[in-house]
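# Coordinate analysis (summary)
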Amino acid sequence: MVSKVTIDENRCKGCGLCVRACPKKIMQLSKTKLNEKGYHPAEVIDQGACIACASCARTCPDAVITVEKE
Amino acid sequence: MTTVFKKTPVLTDTVMHYCPGCGHGIVHRLVAEVIEELGIQDRTIGFVPVGCAVFGYKYFAVDCVEAAHGRAPAAATGCKRVNPNNVVFTYQGDGDLASIGAAEIVHAAHRGEKITTIFINNAIYGMTGGQMAPTTLVGQKTTTSPYGRDPEHCGKPLRVAEMIATIEGAAYVERVSVDSVPNIIKAKAAIKKAFQCQLDGKGFALVEVLSSCPTNWGKSPAEAMDWIKSDMIPYYPLGVKKDRTNE
Ligand SMILES: Cc1ncc(C[n+]2csc(CCOP(=O)(O)OP(=O)(O)O)c2C)c(N)n1
Ligand code: SF4
Ligand code: SF4
Ligand code: SF4
Ligand SMILES: [Mg+2]
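Note that this is a predicted model, so its numbers are computed, not measured. Along each chain, the written sequence defines residue order, and numbers are assigned to residues from 1. Here chains are named by letter from A upward and ligands by number from 1 upward, in the order in which they appear as written. Only residues with pLDDT of at least 70 are given local features in this predicted model, and only at 80 or more are side-chain atom pairs given and counted; all residues enter the totals for whole chains, interfaces and linings. Values reported for side chains reflect all heavy atoms of the structure, with hydrogen atoms and water molecules removed beforehand.

Okay, the coordination of the magnesium ion (ligand 5) next. Residue and element names in this part refer to chain B. Coordination partners: N, O, S within 2.8 Å of the metal, 3.2 Å for Na, K and Ca; water not considered, so apparent gaps in a site are possible. Coordination of the magnesium ion (ligand 5) by the protein involves D94 (OD), N122 (OD1) and I124 (O), with metal-donor separations of 2.0 to 2.2 Å. Read from N- to C-terminus, the donor residues coordinating the magnesium ion (ligand 5) fall into the pattern D-x27-N-x1-I. Of the two residues, D94 is situated in helix α4 (residues 94-100) and N122 in the loop between β5 (116-121) and α6 (151-154); the sequence distance between them amounts to 28 residues. According to the relative accessible area criterion, N122 is buried, its value standing at 6%. We count a stretch as a helix when DSSP gives it H or I for four or more residues in a row; a strand needs E for two or more, and each element gets its number in order from the N terminus. We call a residue buried when its accessible area falls under 20% of the maximum for its residue type, exposed when it is over 50%, and partly exposed in between, using a 1.4 Å probe and counting protein chains only.

If you want it as structure tokens, here you go:
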């Protein structure tokens, strides 16, 4: 499946709830990046494995995730 | 590409001030999505509380009123009665609704006000730094119960949904949780039903949402969600407590 998860990085608070919710275990908090707020933003490490279930987006308290699919 | 999920326009673009992983943000989004789906944005008025959700008026893209502590149901009553075509909701924490505002919520339900209440039970006074709430669990440590809530001294936690369900004027009451994605989906369905109850003129509706306060619970956001499941849900059972929407 072709899918695309977009994270509005500077609004992300690095809470990790999306990481907890992802059934494919393909999200993590960035180990290298810091955003404007000083948090490690969430990122998708294997977009090809994403099933576009939007679990990450539905649990995100800051509504920063957009999920699209082909 | 088709969009599977994106932020609802009924949430403004203002960055919410909540702590990372706070359940309030999830519930705000669910309320906003329901308002969008029901097509009622232009006639909805929100009454926001004193508590961490005090700035709710900056986040909901609808008209809002900042009510005095616990008095949102009283203020909402006036608003709804003056113009019944408005869709009126209150958004209240457990300190706000179950302590200082206990009389207002009971009598709004008692009068069968045609308003919708979203009640955030996070078992604590979040905004003021983590004091014990009526909903704090037995044994739970807070700044005012440093050895854990003692039921001999403070009683046992108040089950608001069950209490409100006993009131004749309450048409729809459900308890939900935001600890997991399936529960978040169920929470949204309950919130939608509670707004529909008002649109259909059935009477008072309340949805109690078990929500996290990682900061004052001293837990990570993920641990806090796990604690809702392991400790809160056993004492606060989820489900519909009253449904008269078909009568
Ligand atoms: C009349 C009055 N009394 C007390 C306070 C102090 N106060 C502010 S918020 C709050 C309780 C907040 O707890 P809750 O309603 O559970 O909201 P939360 O922050 O947990 O979402 C209190 C007691 C106040 N602002 N006004
Ligand atoms: S859409 Fe589903 S599979 Fe894809 S990153 Fe989000 S939670 Fe994981
Ligand atoms: S749930 Fe949202 S705010 Fe939290 S880490 Fe993921 S994208 Fe960031
Ligand atoms: S103090 Fe608790 S309830 Fe308030 S914003 Fe922080 S986590 Fe949320
Ligand atoms: Mg509270």
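Next comes the rest of the account.
This part takes up the site of ligand 4. Residue and element names in this part refer to chain B. By nearness alone, every residue bordering ligand 4 is listed as Y18, C19, C22, H24, C52, N122, G126, C213, P214, T215 and N216. When residues of the shell around ligand 4 are assigned to their parent elements, the largest contribution, 3 residues, is made by helix α9 (residues 214-217). Residue classes follow a fixed rule: Ala, Val, Leu, Ile, Met, Phe, Trp, Tyr, Cys and Pro count as nonpolar, while Asp, Glu, Lys and Arg count as charged, and any other residue, Gly among them, counts as polar. Of the residues that constitute the shell around ligand 4, the class distribution is 6 nonpolar, 5 polar and no charged. Any residue with a heavy atom lying within 4 Å of a molecule or strand is counted as near it.

Each regular strand shows side chains that alternate between the opposite faces of the sheet. Residues and elements named next belong to chain B. Among the 8 residues of strand β6 (residues 170-177), 8 are classified as buried, and the element is accordingly described as predominantly covered. Judged from the 7 bridges that link them, β6 and strand β7 (residues 204-210) form a sheet pairing that is parallel. Its bridge partner being in β7, E174 is matched across the sheet by V207. Tracing the backbone out of β6, into helix α8 (residues 181-199) and back to the parallel element β7 gives a crossover that is right-handed. Here 4 bridges tie β6 to strand β8 (residues 239-243), and the two strands are oriented antiparallel to one another. Of the residues in β8, the one forming a bridge with V173 is K242. Two strands qualify as a pair provided DSSP detects at least 2 bridges between them. The handedness of a crossover follows from its direction of travel: if, with the strands pointing away from the viewer, the path from the first strand over the helix to the second runs clockwise, the crossover is right-handed.

A separate point is the packing of helix α1 (residues 23-38) of chain B against α8 of chain B. Residue and element names in this part refer to chain B. Lines fitted to C-alpha atoms define the axes, with helix axes restricted to the stretch in contact, and inter-axis angles between N-to-C directions lie between 0 and 180 degrees. Here α1 crosses α8 at 50 degrees, and the two axes come no closer than 9 Å. Relative to α8, α1 is oriented oblique. In this structure, α1 meets α8 at a crossing whose hand is right-handed. Contact residues: I26, V27, R29, L30, V31, E33, V34, I35, E37 and L38 in α1; I184, A187, K188, I191, K192, F195, Q196 and L199 in α8. When the residues that make up the contact of α1 with α8 are grouped by side-chain class, the tally is 12 nonpolar, 1 polar and 5 charged. Angular relationships are summarised with four words: roughly parallel below 35 degrees, roughly antiparallel beyond 145, roughly perpendicular across 65 to 115, and oblique for the angles in between. Handedness of a crossing follows from how the near helix is turned relative to the far one, being left-handed for an anticlockwise turn of less than a right angle and right-handed for a clockwise one. When checking whether two residues touch, look at their non-hydrogen atoms; a contact exists if any pair is within 4.5 Å.

It is worth spelling out the site of ligand 2 at this point. Taken together, 13 residues surround ligand 2, and among them C22, C50, C53, A54 and C56 of chain A come closest. For the shell around ligand 2, a count of residues per class yields 11 nonpolar, 1 polar and 1 charged.

In this section: the sheet that holds strand β2 (residues 44-48) of chain B. Residues and elements named next belong to chain B. Taken in spatial order, the 7 strands line up as β3-β2-β4-β5-β7-β6-β8 in an open sheet, and their pairing is mixed. The open sheet is flanked by β3 (63-66) and β8, the only strands paired with a single partner. Across the sheet, the axes of successive neighbouring strands diverge by a mean angle of 15 degrees, strand direction being ignored. Along the sheet, α1 makes contact with β2, β4 (87-93), β5 and β7, crossing β4 at roughly 170 degrees. Contacting β4, β5, β6, β7 and β8, α8 crosses the sheet at an angle of about 165 degrees to β6.

On the chain A side, the residues contacting the 29 residues of chain B number 27 residues. Salt bridges are counted wherever a side-chain nitrogen of Lys or Arg sits within 4 Å of a carboxyl oxygen of Asp or Glu. At the boundary of chain B and chain A, one finds 1 salt bridge. Polar contacts, as counted here, are pairs of nitrogen or oxygen atoms within 3.5 Å of one another; within protein the pair requires one atom able to donate a hydrogen and one able to accept it, and residues that are adjacent in sequence qualify only if both atoms are side-chain atoms. At the boundary of chain B with chain A, the tally comes to 11 residue pairs in polar contact (both at pLDDT 80 or more). Looking at the side of chain B that touches chain A, the elements that each hand over two or more residues are β1 (2-5), α1, α8 and α10 (221-235) of chain B. Here the residues of the side of chain B that touches chain A sort into 17 nonpolar, 6 polar and 6 charged. Where strand β4 (residues 65-69) of chain A lies against β1 of chain B, 3 bridges are found, and the strand directions are antiparallel. Bridge pairing in β1 of chain B links E68 of chain A to T3 of chain B.

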